[in-house]
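# Examining the three-dimensional arrangement
Okay, here's what each chain looks like letter by letter:
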Amino acid sequence: MTEHVEWSEPEAVAAPANAPVTPADAADAARLVAFGLQPKLQPARDQEYAELLRRYREDPPFARLADAVAAGLGLIVLEVSPRAGMAVTAAEDSVFAVRMGDYARRASADTGDRFLHGLAHLAVAAMAFPRPEDLADDGYIGRVSVNGVDAFVRQACRRLEERAEETGENTDPATDAPGLEAAWRIWARRSSTGATKDARRLAGSTTGIIAKAVAFLTESGFLQRTGDDAGGTYRTTARYQLQVRDMAGTAAMGELLELGVVPVTDGTATLLPAEDTDDLELAAGAGLPFHS
């Protein structure tokens, strides 16, 4: 009888791999994905979230179920860990996808500013993780400021102008011309802060555009505000690092790094790329944090 009792206790043995999925399992998987859609939520501060993360890591069938729920919602799972929680990003066809055009229209009535908003996000990412080894190091924390990003882009503008003059290229394209190079030239012509009677920063100034970008990233759980110096200072989160890993392989980021511009941050970062970047593992299918 004792042997029979020991074998029949469900708590004493792991569930079989082919156990049927129950409605409770599906609800738990959906709950975990819902936690992942709350980027500011810290697993360490929510016991249920932490328990579901533990179950995901220790129960492969449950992990596959949660991945399937995410995929059905058009979400890509970047990482599931105590540091990042269930980090997800939206696929291009997902209802959760945020498009740069939509973001720019909300941020400004001027459709010509779309390139500038895109450049602001690109520059923040480049300054936050200037080297491939920064992206590969899970413990690395990037730091940016609004004024620092603006100074960086303006220095990049000067470097591009010098390169254009050397090659004899047109240095004054139409303001609505597509492409990042046109955006950089438009940026150089835009006022850094603008001018108001009460000395406030104009929304359409370049620092105003950067401020909108970092505010969006903060609301999305990618940055954390750390102070008011230099127009506002921020530190990166694990989720932002996962997002930028994919962006590091884009042509726009590569072109920006090739300029060799050194930003003014905490004095330790450099925008000079490492000699060998082949071993950098990128998060497949991720976006930062828009789709074009």
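Please refer to the structure higher up on the page.
Computed from a prediction, not measured in an experiment: that's the story for all the values here.

### Focus on the sheet that holds strand β5 (residues 223–227)
Read from one edge to the other, the open sheet built from three strands follows the order β4-β6-β5, with strand pairing classed as antiparallel. Strand pairing shows two members of the sheet lacking a second neighbour, β4 (143–145) and β5, which therefore form its edges. Each strand axis lies, on average, 35° off the axis of its neighbour in the sheet, ignoring direction. With three bridges connecting them, β4 and strand β6 (residues 233–236) associate as antiparallel partners. Bridge pairing links Ser145 to Thr233 in β6. The strands that helix α6 (residues 114–128) touches are β4, β5 and β6; relative to β4, the one it contacts most, it runs at about 140°.

### Concerning unusual backbone geometry
A positive phi angle, close to 55°, is found at Ala230, a residue other than glycine. Turning to its location among the elements, Ala230 is positioned in the loop between β5 and β6.

### Here we look at the pattern of salt bridges
Taken as a whole and judged by the stated rule, the model has 12 salt bridges. Across the pair Arg55 and Asp28 runs a salt bridge, and its minimum N-O distance is 2.9 Å. Placement of the pair is Arg55 in helix α3 (residues 47–58) and Asp28 in helix α2 (residues 23–36), with a sequence separation of 27 residues. Residue Arg54 is joined to Glu51 by a salt bridge in which the shortest nitrogen-to-oxygen separation is 2.3 Å. Here Glu51 and Arg54 lie together in helix α3, a separation of three residues that amounts to about one turn.

### Focus on the packing of aromatic side chains
Two aromatic rings, taken as a pair, are described by how far apart their centres are and by the angle between their planes. The final tally for this structure, using the stated rule, is four aromatic pairs. Ring plane angle 45° and centroid distance 6.0 Å describe the contact between Phe129 and Tyr240, whose orientation is recorded as tilted. A residue pair is termed long-range when its members are at least 10 positions apart, and Phe129 in the loop between α6 and α7 (132–136) and Tyr240 in helix α11 (residues 238–247) qualify at 111 residues. Here a set of aromatic residues connected by ring pairs shows up, and it is made of Phe129, Tyr140, Phe222 and Tyr240.

Calculation notes
- Residues numbered from 1 in each chain as written.
- Predicted model: local features only at pLDDT ≥ 70, side-chain atom pairs only at ≥ 80, totals over all residues.
- Heavy atoms only, no water.
- Pairing = 2+ DSSP bridges.
- Helix = DSSP H or I, 4+ residues; strand = E, 2+ residues; numbered from the N terminus.
- Axes fitted to C-alpha atoms, helices over the stretch in contact; angles between N-to-C directions.
- Contact = heavy atoms within 4.5 Å.
- Salt bridge = Lys/Arg side-chain N within 4 Å of Asp/Glu carboxyl O.
- Phe/Tyr/Trp six-rings, centres within 6.5 Å; stacked < 30°, edge-to-face > 60°.

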